[in-house]
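# Fold and contact review
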Amino acid sequence: MTTEPAIKSPRKLIEVALPLDAINAAAAREKSIRHGHPSTLHLWWARRPLAAARAVIFAQMVNDPGYQQGGGFKYGKNKQEAAVERERLFKIIEDLVKWENTTNEEVLERARAEIRRSWREVCALNKDHPRAAELFDPEKLPAFHDPFAGGGAIPLEAQRLGLESYASDLNPVAVTINKAMIEIPPRFAGQKPVGPIPEGEKQLFLDIQDWSDSKGLAEDVRRYGAWMRNEAQKRIGHLYPKIKITPELIKDRPDLVSYEGEELTVIAWLWARTIHSPNPAYSHVPVPLSSNFILSRKEGKEFYVHPVVEGDRYRFEVKTGKPPEYAKNGTKLGRGASFKCLMSQSPIEPKHIYSEAKAGRMGERLMAIVAEGKRGRVYLSPTDDQAIIAAQGVSTWKPTLTMPSNPRWFSPPAYGIMKFGDLFTSRQLFALNTFSELAHEAIEIVEADAKSAGMSEDDRGLEAGGSGSRAYAEAIASYLGLSASKMSMFLSVLSRWRAGEGKTAPAFGRQAIPMVWDFADINPFAGAGGDFYGVVEGASRAIESFKPDAKGYAFQEDAKLQSLTKDKVVSTDPPYYDNIGYADLSDYFYVWLKRATSKIWPSAFTTLAVPKSDELVATPYRHGGTENAESFFLEGMQEAMERLAQQSHPAYPVSIYYAFKQSESDQYLETTNSGWDTFLEAVIRSGFSILGTWPMRTENATRLISSGTNALASSIVLVCRKRDIGALTISRREFQRELNSVLPDALDEMTRGGVNSPVAPVDLSQAIIGPGMAIFSKYKQVLEANGEPMSVRTALQLINRFLAEDDFDRDTQFCLAWFEQYGWGTEVYGNADVLARAKGTSVDGLRDAGVVEASGGRVRLLRWRELPSNWTPGKDNRTPVWEALHQIIRILNDNGETEAGKVLAQLSRIGEPMRSLAYRLYTLCERKGWAEDAGFYNEVATAWAGMERAALEESMRNGTASVNTQPNLFDGGPDA
């Protein structure tokens, strides 16, 4: 049997260096951009920033210029010349990641040229390889594949860089989005629009001749979107009437006098849910469950709802001026289903609300109306006729799919709202059905116009591979169907009113379907947020930004079973353990996309719901418990990674984004591995060697889930290659020897700046995993002294010793690294999350341990003065060395040396690490010039011997003498 010769593959830039600062700055900026962004086409959760995806793929494709020798070839330049060349490549990346260069052809072509140049170099090195014709055609770049395509950012950016792009996902909603982003645009690139120009716009298009790329496709989506809006208004416009400003509305409202007699366009109707009062005297009264009565917080333009109780009745009036205290919380008393009765002012037990809701007795009542005025929003008291009209729309179809019984992501079922169709009012259902039907009706109209414009009369549709008039019509209808589906975010009882901004907030402000007590019923024809034509225009601008220079294909495939990866470059973003329930959540859109586009993409919508049993998410309710869910996820992920290791193009590394937030392990009881450790174990067992770990800021720290809650703010990009089939087994001692040889230089490269972006201290623990794991994972096994294979967790501990932190527990490692970077300052949650994950702990765990404050998306270390004075070690089941030391400092300052010694007696197990930490912190503060803090650590240092004596005396009195009486670490220490 002959062995195939090895592939000659120079290291890629991503395996050596990245300009992280530029990438992270661009990714952070992009999260606040909407105009022309693919996110405006349709919602997908945790979509990767285009800037990060583009930079990673470019660096994955381009050869690093450094000198390389081995594997039968030589490549690259000397150190000085390589540094200059690397800076040139960095400059390309720095330009490439800027948002304004997303469609800049000059910048993109520079990047494509570098990719082609590197590819030709690889082909030349492998021209004599037996598979050269198959793998190394210098005139054709290898194709790209993302097996967890999700929102499509990564395949889109591969296509933008000139690669034929393949996207696959098990989820049909994701597949439909990817088809719209990478598959349809190349098929109709350069196509002139065929639709009629909307009335009043003809002059605008007389001089437009450039219909290159996706511009014509985007324009037709806009034109037929305008037709669709007009048709919808004809059919259901009567359900969204204007409101006439009558003398009754003007009463006590001088701000409305100038509007008397006018009819204003309503932007939204604001409703509160109701249940019957538990008070026997008012049990016939449906009382409001409102979390807020404030309508506008803008200074000088404050408005609020004032409930007026009259006997056993009540009504709502809109008032102007500074809101009274009661308006801030409406009738809400606390978190969850905690309210008071408007009539009696007595609390309503949550169980009464649950009972009423599950019995089908939860209703809604109109609280206020928001209309468009001459100089902004006009807030009006509700009227009976407006409430009556809202109930008139009766839909012929309603989604009957049941929501899962999973309160982590779905709150409504607890209140009797069991089906997805129950998340919409009758008027909203009528409107969504109308938009879905019109998207389908558009096919025949577009096809007729396309034929009249001279397009080929090919009867094949999109799924059959057509590119003529029928396929074009289905393409336009696909985008209109996506817009109709996106409208369900606005036309829903999950929409809210933002009093601070004077606008609506659609569903999915976070990755869940929560219970919304007071909701905004939006007018889809008002020209404000949630207007259908506005949604279509947003989609049109996104389509226009696509660069369909290469073909693209999207398929519904299980990542564990797919074979699309064969000989392709891979970059992918797998699910984050249990952080987002993609399949469960996307059923919300699936029911509407199926209604609008199932005849266009029949193979994607064959099931009643999104497939769930094979989705790689650790969902306990689906797999019979947490342990089974973890096993399912890890085994499935290993299978998926094995597919990539076995099939991906052998000349290129694979890049994998990962940032899940699993419930952390108990670092004190040693009950389980952390999710991060275990995921790395799965990747390595699949046959990959991990060559690099790059921390990237890829989440928006200001999104709703971060407002008062803790959310992921970064991804770690793993850089992997298939492990050599002849990989050796080595001993622990040999592994440590190699770490000693390699990591000091790697650490120096990461921290000194120059050619590489200096890695921030908060990211250093994560970044150092790269070169350390490169050593560990290139071997078949690393054996412990007893012959057992070394675990990833142990390898990570050995790697982290190069940061001189391994003597401490994981919480303390976090605190030490955080203190060095930020001191006592407050920073964004994302930075803490990255560092905590690297240290094997979590921000929630650190907060529970009492060493940090984490709220409102911000994190800080607690000073010793802020620690609880009633603390005792015996009652603390989680005592990091950091906490223990700072409690000792507090007791020493408040009560003196003897009392501190008595507490130290209870901490004998960690006494030595506490002393070591005190010395390290003193040295750190001295170096930083933090004189006050250095003084406290110096004080505890000089008092340590006395505290130990007091501790020993206390232990002897109690018969528990076990204090470590080794020579004092600080003998001859700081004050010597």
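Criteria and cut-off values
- Residues numbered from 1 in each chain as written.
- Predicted model: local features only at pLDDT ≥ 70, side-chain atom pairs only at ≥ 80, totals over all residues.
- Heavy atoms only, no water.
- UniProt positions renumbered as here; feature names shortened; annotations may be inferred.
- Helix = DSSP H or I, 4+ residues; strand = E, 2+ residues; numbered from the N terminus.
- Polar contact = N/O pair within 3.5 Å; in protein donor to acceptor, adjacent residues only side chain to side chain.
- Pairing = 2+ DSSP bridges.
- Axes fitted to C-alpha atoms, helices over the stretch in contact; angles between N-to-C directions.
- Core = buried A, V, L, I, M, F, W, Y, C linked by side-chain atoms within 4.5 Å.
- Buried < 20%, exposed > 50% of the residue type's maximum accessible area, 1.4 Å probe, protein only.
- Contact = heavy atoms within 4.5 Å.
- Expected span 1.5 Å × (residues − 1).
- Salt bridge = Lys/Arg side-chain N within 4 Å of Asp/Glu carboxyl O.

An unreviewed UniProt entry lists the protein chain under the name DUF1156 domain-containing protein, with Deinococcus daejeonensis as the source organism.

## Here's the deal with the UniProt feature "domain: DUF1156" (unreviewed entry) in the protein chain
As recorded in UniProt, the sites labelled "domain: DUF1156" (unreviewed entry) are residues 17-92. Taken end to end, residues 17-92 comprises 49% helix and 8% strand; its first and last C-alpha atoms sit 14 Å apart.

## Overview of the side chain of Thr841
Here Thr841 lies in the loop between helix 24 (829-839) and helix 25 (843-849). Side chain to side chain, Thr841 and Arg878 meet in a polar contact 3.4 Å long.

## Looking at the sheet that holds strand 9 (residues 294-296)
Here we have 3 strands laid out as an open sheet, ordered 9-10-11, and antiparallel in their pairing. The two strands at the open ends of the sheet, each matched to only one other strand, are strand 9 and strand 11 (313-320). The sheet shows a mean angle of 30 degrees between the axes of neighbouring strands, taken without regard to direction. Two strands pair when backbone bridges link them, and strand 9 and strand 10 (residues 303-310) are joined in this way by 2 bridges, in the antiparallel orientation. Paired with Ile294 across the strands is Tyr304, a residue of strand 10.

## Digging into the nonpolar core
The nonpolar side chains of a soluble globular protein tend to be buried with one another. Membership of the largest hydrophobic core comes to 152 residues, with the highest contact counts inside it found for Leu41, Ile353, Leu423, Phe435, Phe508 and Tyr588. If you tally residues by element for this core, the top one is helix 13 (residues 469-487), at 11 residues. For Leu41, the residues in contact, after removing those within four places along its chain, are Ala180, Met181, Tyr479, Leu482, Lys486, Ala539, Ala542, Ile543 and Phe546. Residues Ile910, Leu917, Ala934 and Val940 belong to the second largest nonpolar core, which totals 51 residues.

## Quick notes on unusual backbone geometry
With phi around 50 degrees, Asp213 is a residue other than glycine that occupies positive phi space. Mapping Asp213 onto the fold places it in the loop between helix 7 (172-187) and helix 8 (215-236). Look at Asp213 and you get buried, because its relative accessible area is 19%. Although it is not a glycine, Phe508 adopts a positive phi angle of roughly 70 degrees. On the secondary structure map, Phe508 appears in the loop between strand 17 (503-505) and strand 18 (518-522).

## A word on helix 4 (residues 105-125)
Between the first and last C-alpha of helix 4 there are 30 Å, a value that for 21 residues agrees with the 30 Å anticipated at 1.5 Å per step. Three or more residues of helix 4 are buried, namely Val107, Leu108, Ala111, Arg112, Glu114, Ile115, Ser118, Trp119, Val122 and Cys123. Residues of helix 4 that are buried in the fold lie against helix 2 (50-61), helix 3 (79-96), helix 5 (132-135) and helix 6 (153-160). Regarding helix 4, its N-cap is Asn104, as a side-chain oxygen of that residue lies 3.0 Å from the backbone nitrogen of Glu106 further along.

## Structural notes on the pattern of salt bridges
By the definition in use, this model includes 67 salt bridges. The shortest N-O distance in the salt bridge between Arg48 and Asp573 comes to 2.9 Å. Note that Arg48 is positioned in the loop between helix 1 (20-30) and helix 2 and Asp573 in the loop between strand 20 (569-572) and helix 15 (582-597), a separation of 525 residues in sequence. For the pair Arg48 and Asp573, one class covers both residues: buried. Residues joined by salt bridges that share partners form a network here, namely Glu105, Glu109, Arg112, Arg116, Asp213, Lys547 and Asp549.

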